[in-house]
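Results of the structural survey
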Number of protein chains: 2
Amino acid sequence: MTRDDALALDARDPLAPLRDQFSLPAGVIYLDGNSLGVLPKATAPRLQQVVADEWGRDLIVSWNSADWIGLPQRVGDKIARLVGAGAGELVVADSTSGNLYKVLSAAAAIVQADAPARRVIVSERSNFPTDLYIAESLARERGFELVLADAQRLPSLLDTRCAVLMLTHVNYRSGRMHDMAALTRAAHEAGALTVWDLAHSAGAVPVDLRAAQADFAIGCGYKYLNGGPGAPAFVWVNPHHADRFWQPLAGWMGHAAPFEFTPGYRPAAGVARYLCGTPPVLSMAALECGVDTVLAAEPFGGMAALRAKSLALTRLFAERVAALCPGLALVSPADDALRGSQVCFSHPEIGYPVVQALIARGVIGDFRAPDILRFGFTPLYLRFADAWDAAQHLHEVLEREEWRRPEFNRRAAVT
Amino acid sequence: MTRDDALALDARDPLAPLRDQFSLPAGVIYLDGNSLGVLPKATAPRLQQVVADEWGRDLIVSWNSADWIGLPQRVGDKIARLVGAGAGELVVADSTSGNLYKVLSAAAAIVQADAPARRVIVSERSNFPTDLYIAESLARERGFELVLADAQRLPSLLDTRCAVLMLTHVNYRSGRMHDMAALTRAAHEAGALTVWDLAHSAGAVPVDLRAAQADFAIGCGYKYLNGGPGAPAFVWVNPHHADRFWQPLAGWMGHAAPFEFTPGYRPAAGVARYLCGTPPVLSMAALECGVDTVLAAEPFGGMAALRAKSLALTRLFAERVAALCPGLALVSPADDALRGSQVCFSHPEIGYPVVQALIARGVIGDFRAPDILRFGFTPLYLRFADAWDAAQHLHEVLEREEWRRPEFNRRAAVT
């Protein structure tokens, strides 16, 4: 395969027009959409409208006239289409961490009601730290035990002590994807519930929460959903659990009738009880623009078409790096079925400065401690030639030892 | 007093130039800054910069280069100046409800460590419902009891069973202000801790958390701080408690070293452990613009000068309404020392349609169920002539029975 072959793939890519939805900086190959999605062109004018017209001119009337109050549901319904959830089953609220606390609390309460002896939350040792921190906190509070294991050992921990299996569908470092349906089935057979973090899945890989019969899911708005830095997160609850328990962050937006201003808490019907405070309107408006960029793929085959292109991109990049950069070890699965939308390599020493040197060349990936070089591929705006060129840049950074420069070895606050 | 007297007051008001900071719709007298503050002129261009340059052009680099990661502390330090807190003691995060859950959890844990028999959270029956919902939820979870009473009975409930006194400093309906220092002293003498909700205080009345020796405080960004609809909230913890316990929403941003990606939770030093998820950058940038509009009063005497004008405005309005609208009963305290920055009246039947008829005239207040007509006065942008004119409009709505029109009697989703 040559660079011309990559250009030919781009020329006949039916998803290529979707790139035009984004405001991409010139000269940049952006392989970090799994950390922060790029800016949709629609976002700035939409925010301008929300700020100047809805807030500035119409003020509080916009809670009704612009349906600000309906944003958690409206944007939630759009995300639902991307993850195999039904309308009315998913809301946008708070942060991923906050939502995890809610669903883990609810899952623990549901299991406890039937099986008080089940007191173990099982998760993967390499799960994203915030998930583990929240689970650790909840376990401490409720007298649960958090048990961590490597992926292959997880099934053996689904026993009569297990209350909840909490996993991130696609691992943030390795890009390895769990089989959601199989693990959910195994958890249910063992009498446990499942909580899935879709941070690296929503908008990146096909997800079918209903078909998998998952119990709870949460996810992030600022990665593949392109919602902007720190965008609100989402929460989904399987309808057969939604009315059963309420979560502890029982703020007024989850109340059955918040504007009656009555003192006793009555949870709203369904997933709305997973709302807490007043919706962050500016952030939710930006998130809606981001979600729309993914929904724009629906006429072109939707998530299935995005997935096919994503796999082709990551395969091309992994193959080129394997050929050009023998010092890097592939961490992501070579098997398409196990790989999310990213490709990661490890290097025992120089991962951090290599990533900085690449950024200086306009190839933006990121470093994840202690040793991972991570490259996310968003098929909405990446081209096959980008994957080709990125591998070439990586090769040159290594061959010319650009990573040795002192400025690439000074750690920033945020890596 | 005549309307010309009101105009004369405006002509010699040293705070009058502060109004020019805001983008106010023409023909509107906005008396709802206690629900949603108005739009600062600086907000739209600042958001444009954050979106186009920091997000769109610089992408993830902005976490460092634009110090996105420091927003919770930077904006927090600005709010600290308005509420008598020190630098580094207050952070912006999440919602008011979410932050209340955190500090109430921490307060309960601190008391429990020394006095396990203390299991009562005391609050005011007419506290804002979301505060009561969160306290009810936490009490249920931790085996506490939530005891509600009218304001005058609160001191009698500060006994050996009381763990936490949780109050909103200025009541959302009546506008009545508690004596924070006296009640905190009484709580401490009884062996309890205090949690103060500053939703209707921050930017509205002088608050001195340190002088009052308060234990915990939370507050809202979208009311008198003009941060925009659903703006992030803030949380303050007295430094002598800050390192003692960590709160249950133990997300990665509250970790001592979030970018080391280590599995075990180690809380950050101080109030930073009250952070949870990734900071919502767009909302925080807008909030910073709002907070700056209040800090702009510092050269003119700051919160003390704003307070003096606020009292003069609310006094003028209350006196005019008393003279012109005998059917309305004043609910807010006539005594300046007890009144926040709002004036409320009750009417047993027609509160809702009267407020709608006023809105149709461009005088925006709000209705709070079941019977309250609420008018907030923000001295940053309101004039004495506005207070005079608003009373006149209210008089005409009542005298001409405009509230009878059917369109004013149809309830909207959000009141």
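Let us look at the structure shown here. Sequence order as written defines residue numbering, which begins from 1 separately in each chain. Numbering of ligands from 1 and lettering of chains from A proceed in the order in which they are written. Given that this is a predicted model, residues contribute local features only at a pLDDT of at least 70 and side-chain atom pairs are listed and counted only at 80 or more, while totals for whole chains, interfaces and linings are drawn from all residues. For the side-chain quantities, the full set of heavy atoms in the structure was used; hydrogens and water were omitted.

Secondary structure elements follow DSSP: runs of H or I of four or more residues count as helices, runs of E of two or more count as strands, with numbering from the N terminus. Assigned secondary structure in chain A consists of 13 helices and 15 strands. Oriented by its inertia axes, the alpha-carbon framework of chain A measures out at about 65 × 55 × 40 Å. Here chain A holds 415 residues, and 66% of them are scored as buried. In chain A, once contacts between residues fewer than 6 apart in sequence are set aside, the share between residues at least 24 apart is 72%. Per-residue accessibility takes into account occlusion by the displayed protein chains alone, with areas from the Shrake-Rupley method and a 1.4 Å probe. If you sum the accessible surface of chain A, you get close to 13600 Å²; carbon and sulfur atoms cover 53% of it. Asp and Glu count as negative and Lys and Arg as positive, but His and the ends of the chain are not part of the count. A charged residue contributes its charge at one atom only: NZ of Lys, CZ of Arg, CG of Asp or CD of Glu. Each charge class in chain A was averaged separately, 39 positive and 44 negative side chains, and the resulting centres sit 2 Å apart. Note on exposure labels: buried denotes an accessible area under 20% of the residue type's maximum, exposed denotes more than 50%, and partly exposed covers the range between, all computed with a 1.4 Å probe on protein chains only. Should any heavy atoms of two residues lie within 4.5 Å, those residues are counted as being in contact.

One fewer than the residue count of a helix, multiplied by 1.5 Å, yields its expected span. Its 15 residues place the ends of helix α10 (residues 281-295) of chain B 21 Å apart at the C-alpha level, agreeing with the 21 Å of an ideal helix rising 1.5 Å per residue. Within α10 of chain B, 14 of the 15 residues are buried, leaving the element largely enclosed by the surrounding structure.

The subject of this paragraph is the relation of the copies chain A and chain B. For the pair of chain copies, the relating transformation is a rotation about an axis with a translation along it. We superpose the copies by least squares over the C-alpha atoms of residues that have a pLDDT of at least 70 in both of them. Superposing chain A onto chain B takes a rotation of 180° combined with a translation of 0.0 Å along the rotation axis, leaving an RMSD of 0.0 Å. On this basis, the relationship between the two copies can be described by a two-fold rotation axis. Closest approach to the rotation axis within chain A is made by the C-alpha atom of S283 of chain A, at a distance of 3.0 Å. When the interface residues of chain A are mapped onto chain B, 100% of them are again interface residues, pointing to one common binding face.

Residue and element names in this part refer to chain A. Taking 1.5 Å of rise per residue, the 16 residues of helix α13 (residues 384-399) would be expected to cover 22 Å, and the 23 Å separating its terminal C-alpha atoms lies within 8% of that figure. With 12 of its 16 residues buried, α13 lies for the most part within the structure. Residues F384, A385, D386, A387, W388, D389, A390, A391, L394, H395, E396 and V397 constitute the buried set of α13. Considering only its buried residues, α13 is in contact with α1 (3-11), β2 (29-30), α11 (302-324), α12 (351-360), β13 (363-364) and β15 (372-376). Just beyond α13, the residue with positive phi is E401, at close to 55°.

So, about the side chain of T130 of chain B. Along the polypeptide, T130 of chain B turns up in helix α6 (residues 129-142). According to the relative accessible area criterion, T130 of chain B is buried, its value standing at 4%. In this structure, T130 of chain B is in contact with G251 and W252 of chain A together with S97 of chain B, ignoring residues within four places of it in sequence.

A few words on the packing of aromatic side chains. Only Phe, Tyr and Trp rings take part, Trp by its six-membered ring, and two of them pair if their centres are within 6.5 Å. Stacked means planes under 30 degrees apart, edge-to-face means over 60, and tilted covers everything else. Scanning the entire structure with this criterion turns up 33 aromatic pairs over all chains. Here F261 of chain A and Y172 of chain B contribute two aromatic rings whose centre-to-centre distance is 5.7 Å and whose plane-to-plane angle is 35°, an arrangement assigned as tilted. Pair noted here: F261 of chain A is in the loop between α9 (239-242) and α10 (281-295) and Y172 of chain B is in the loop between β7 (162-168) and α7 (180-189), and the two residues belong to different chains. For the pair F261 of chain A and Y172 of chain B, one class covers both residues: buried. Members of the aromatic cluster, joined through ring pairs, are F128 and Y172 of chain A together with W252, F259 and F261 of chain B. Looking at R320 of chain B, its charged tip hangs above the ring of W388 of chain B, at a distance of 3.7 Å from the centre. Lying across the ring of Y352 of chain B, R411 of chain B places its NZ or CZ 4.2 Å from the centre. Only when the NZ of Lys or the CZ of Arg is both within 6 Å of the ring centre and within 35 degrees of the ring normal is a charge said to sit over the ring.

Next up on the list: the pattern of salt bridges. By salt bridge we mean one thing: a side-chain nitrogen of Lys or Arg within 4 Å of a carboxyl oxygen of Asp or Glu. A full pass over the atoms with the stated rule returns 62 salt bridges over all chains. Ionic pairing is found between D336 of chain A and R339 of chain A, a salt bridge with its closest N-O pair at 2.9 Å. The exposure class of R339 of chain A is buried, given its relative accessible area of 3%. In this structure, D114 of chain B engages R244 of chain B in a salt bridge whose closest nitrogen and oxygen atoms are separated by 3.5 Å. Here R244 of chain B lies in the loop between α9 (239-242) and α10 and D114 of chain B lies in helix α5 (residues 96-114), a separation of 130 residues in the sequence.

Residue and element names in this part refer to chain B. Judged by pairing direction, the sheet is mixed, and its seven strands sit side by side in the order β4-β10-β9-β8-β7-β5-β6 without closing on themselves. A strand with exactly one partner marks an edge of an open sheet, and here the two such strands are β4 (90-93) and β6 (145-149). If you compare each strand with its neighbour and ignore which way they point, the axes differ by 20° on average. Helix axes use the C-alpha atoms of the stretch in contact, all axes being lines fitted to C-alpha atoms, and the angles between their N-to-C directions lie in the range 0 to 180 degrees. Across the sheet, α6 lies against β5 (120-124), β6, β7 and β8 (193-197), angled at about 150° from β6, the strand it touches most. Paired strands are those between which DSSP finds at least two bridges.

So, to be careful, I would describe these as geometric facts and stop short of saying anything about function.
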